[in-house]
Amino acid sequence: MDQALDIERCDLESRINNTTHHTDQNGLDRLIVRRGLPFTITLHLRSGSQFEAGVSTFRLIVEIGPLPKEQSGTKSTFSLTDSALKTAWSVSTNSPPGNVVSLSVSSPPDVPIGLYSLTLDQGQKVKLGEFVLLFNPWCAKDAVYMEEERDRQEYVLSQAGLIYKGTTKRIKASPWTFGQFEPGMLDICLKLLDENPKYSSDADADCSGRRNPVYVTRVISAMINSNDDKGVLVGNWSGDYDDGVRPSHWTDSVAILHQWADNCCQRVRYGQCWVFAAVACTVSRALGIPCRVVTNFGSAHDTNSNLLIEFLYDEDGNDISDDSVWNFHVWVDNWMARPDLDAGYDGWQASDPTPQEKSEGVFCCGPVPLKAIKEGELNLKYDAPFVFAEVNADVVEYVKLTNGRIVKMGGSSIDVGHFISTKAVGSDERHDITHLYKHPEGSLQEREVFERAKHHHELQQKGEEPGLKVKIKVSPDMDIGADLDVFAVVTNNTEADKTCRVMFYARIVSYDGKPGANCGFIEDLTMEVPTGKEKRLPLRLEYVDYGDTITSDRLIQLVLIVIESSPREFHKAKRTIVLENPDIAIKLLGEPRVNQKLSAQISLQNPLPEPLQNCFFSVMGAGLTDGKLLIQNVGTVGPQQEAKYTVEFTPTSTGSRTLTVDFDSDKLSNIKGYLNIEIKE
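What comes next concerns the included structure. (Residues numbered from 1 in each chain as written. Predicted model: local features only at pLDDT ≥ 70, side-chain atom pairs only at ≥ 80, totals over all residues. Heavy atoms only, no water.)

1. A word on the nonpolar core
Judged by nonpolar contacts, the single largest core of 63 residues is most densely connected at Trp-176, Ile-224, Leu-233, Ile-256, Trp-274 and Leu-287. Elements supplying a minimum of two residues to this core: β9 (125-134), β10 (160-166), α3 (185-194), α6 (213-224), α7 (253-262), α8 (273-287), β14 (291-301) and β16 (324-336). At twelve residues, α8 tops the list of elements feeding residues into this core. Listed in part, the 56 residues of the second largest apolar core include Leu-468, Val-486, Cys-519 and Leu-624. (Core = buried A, V, L, I, M, F, W, Y, C linked by side-chain atoms within 4.5 Å. Buried < 20%, exposed > 50% of the residue type's maximum accessible area, 1.4 Å probe, protein only. Helix = DSSP H or I, 4+ residues; strand = E, 2+ residues; numbered from the N terminus.)

Written out as structure tokens, the structure reads:
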């Protein structure tokens, strides 16, 4: 008769296992492993108890979720085998007879991820402990496998990144700390999965679904926003953030996720697209799904799913339409296989957690293969038409006359989807991935894609090209705080002199395209443009006119409307400019070494002709600031004076780390800076 092993203690060997499984940045005090790769545990038996291969028998039981079942894959019971199995849980050992038993436990590469219990069953059950199982981009059989190590370092292990904002003319990189390995982050990300409505309605089915990165990505997309669940963030594009945090103030995901978890999953106020995307990236990387943050400049929001952005204006140039084109919009790409689709759609998948339109009744979007978007395969899961329109919709513009008649004013097939950007692998360069989302603008392939996408609304010009050309030019330096010069340019390429009515105005605009206050206006000016000549009309934007109303996005929209008197034809040009913020200077004081105090001198010059009140620096860095946001009030800073702050911190780990800095004040905010620091032993 077999004698049961008398277990004194079980060592989950978290230090060795976590290092082998690339989870050591989470810490070494608990077992965190990746599926498809064996891990080792050691049983220490009490005196008098001895293990002997072929004689000692037991079973191991792994379980996930509150109601685990064998048939759903949330529970597995398995006995000792001679070697690891590839398609099922297994345990093997090469230990000689004795009171120390080393067991190698193997998981299949397609089991659910999450928190597991581990139990030894000898007729009597002994709980050995708990462990977290994650997706495994290092395992060729895992659906999230990435072949290149440098890609895994960037898209799974990197805790800092860059998010691109601005306009097509002025693309600016802002640093962001993802912090997926900071203390408490993994548990919060697992909690986020457990708070989703599918878990509440059928916990076992939801836990079983977590084997599939497509399923998990849709859950993340839905749970980052809080529109129809206990999600993390509240979206706010109104400009009124008095009862929360201004979206531009956030610089890291750690503070947001901690606030959500520490307050019983109460919604965090507020986020906009880049915040939603950055937090989704943190959760994805924490769970082992490779992820990158993507910015699309000139991003369409198609409200009626006809792949057209239809702008309607009144005669004064006011936008009275429902559709919109955002100056930029940010989402994420996740890397995974798509066995639910035909072959050829593995790889990067777009997913958008910003709540815009519902998908299967829930505010989420994706994942959808980038190849499907590029080739116009709009019948493929998930939400291909919406993402396709974001990067490739055509624009048609109409003007509604005072007599009610609607006149086509123009349009374009090339206004949407430019400079689609993400941080490059292993560097701080901008990587343009537009070619992964669409064929070159105006190319034969791009037009063929529209046909495949059932897009029958291509713009066709009627008759000859209009002879009057209008455009907007700006001065090379567009610094916030300065008085700015912009120009309406009208060129007459016809054979006759032209008399035109000109309206040229500037107004504050937010990044999602919503207009604000006017800050410059030339109304109903009559302009005579001789044949073959060009006329310029200057408009000065003075700080006294835009300073009090400009948002933290620092965007000003310029609109030019020119109406020919005979024949009566409308011409329109529009341009959005982004004002340049001052740079944050960061200078290290001392040599960066692990566990040794380090200082950095931070400074910023006030470019405004008036004082800045309530000036704050906020400093954060994974592995640098102990997971904390360091805040310093530097008071009032006069015109052209410098705000200064010397911050002290102690690096806790070696390697490349990123110190991110945010400056905020009453009149100047959303100013970001960062410094990459190599921490030595």
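2. A short note on α7
The set of residues buried in α7 consists of Ser-253, Val-254, Ile-256, Leu-257, Trp-260 and Ala-261. In an axial view of α7, the angular spread of the buried residues amounts to 165°, which keeps them on one side of the axis. Buried residues in α7 make contact with β11 (171-177), α3, β12 (233-235), β13 (268-271), α8 and β32 (612-620). Immediately beyond the C-terminal end of α7, within one or two residues, lies Cys-264, with a positive phi of roughly 55°. (Arc of directions from axis to C-beta. Contact = heavy atoms within 4.5 Å.)

3. Details of the sheet that holds strand β31 (residues 598-605)
A sheet is described by the order of its strands in space; here three strands give the open sequence β30-β31-β34, paired in antiparallel fashion. Edge positions in the open sheet fall to β30 (585-589) and β34 (642-649), since each of these has one partner strand only. Each strand of the sheet is rotated relative to its neighbour by a mean of 20°, with strand direction disregarded. Judged from the eight bridges that link them, β31 and β34 form a sheet pairing that is antiparallel. Of the residues in β34, the one forming a bridge with Leu-604 is Ala-643. (Pairing = 2+ DSSP bridges. Axes fitted to C-alpha atoms, helices over the stretch in contact; angles between N-to-C directions.)

4. Topic: the pairing of strand β7 (residues 100-106)
When strand β3 (residues 39-45) meets β7, the two strands line up antiparallel, connected through six bridges. Each bridged residue has a counterpart across the sheet, and for Leu-43 the counterpart in β7 is Val-101. In the sheet, strand β6 (residues 90-92) pairs with β7 via three bridges, with the strands oriented antiparallel. Residue pairing in the sheet places Ser-92 in a bridge with Ser-104 of β7.

5. Topic: helix α10 (residues 384-392)
Within α10, eight of the nine residues are buried, leaving the element largely enclosed by the surrounding structure. What α10 keeps buried is the set Ala-384, Phe-386, Val-387, Phe-388, Ala-389, Glu-390, Val-391 and Asn-392.

6. Some details on the state of the cysteines
As enumerated under the stated definition, the model contains zero disulfides in all. Its sulfur unpaired, Cys-264 is 7.1 Å from the next cysteine sulfur, which belongs to Cys-265. A residue is classified by how much of its surface remains accessible, and Cys-264, at 62% relative accessible area, is exposed. (Disulfide = S-S within 2.5 Å.)

7. Quick notes on the layout of surface pockets
A volume near 940 Å³ is recorded for the second largest pocket. Of all elements in the fold, only α2 (149-157), β10, β35 (655-664) and β36 (671-679) reach the threshold of two or more residues within the lining of the second largest pocket. When grouped by side-chain class, the residues that make up the lining of the second largest pocket number nine nonpolar, 18 polar and eight charged. (1 Å grid on protein atoms, 1.4 Å probe; cavity = no way out; pocket = protein on both sides within 12 Å on 5 of 7 lines; lining within 4 Å. Points joined across faces, edges and corners; volume = space filled by probe spheres on them. Nonpolar A, V, L, I, M, F, W, Y, C, P; charged D, E, K, R; others polar.)

8. Topic: the pattern of salt bridges
Under the defined criterion, the tally for this structure stands at 28 salt bridges. In this structure, Asp-485 engages Arg-540 in a salt bridge whose closest nitrogen and oxygen atoms are separated by 2.9 Å. Taken together, the residues Asp-485 in strand β24 (residues 484-492) and Arg-540 in strand β27 (residues 534-541) connect sequence positions 55 residues apart. A relative accessible area of 26% places Asp-485 in the partly exposed class. (Salt bridge = Lys/Arg side-chain N within 4 Å of Asp/Glu carboxyl O.)

9. Section: empty space enclosed by the protein
If a probe the size of a water molecule is rolled over the atoms, the empty space left behind becomes visible. With the rule as written, the count across this model stands at three cavities of 30 Å³ or more. Of the voids in this model, the largest cavity is the one considered here, and its volume is about 60 Å³. Residue lining of the largest cavity: Glu-154, Tyr-155, Ala-160, Gly-161, Leu-162, Phe-178, Arg-285, Arg-292, Val-293, Thr-422 and Lys-423, and that is the complete set. At the level of elements, α2, β10, β14 and β21 (418-423) are the ones that each hand at least two residues to the lining of the largest cavity. Ranked by residue count, the leading element in the lining of the largest cavity is β10, at three residues. The space that makes up the second largest cavity amounts to roughly 40 Å³. Lining the second largest cavity we find Thr-217, Ile-220, Ser-221, Ala-280, Ser-284, Val-332, Asn-334, Ser-351 and Pro-353. Mapped onto the lining of the second largest cavity, the elements with two or more residues apiece are α6, α8 and β16. No other element matches the three residues that α6 contributes to the lining of the second largest cavity. Per-class residue counts for the lining of the second largest cavity are four nonpolar, five polar and no charged.

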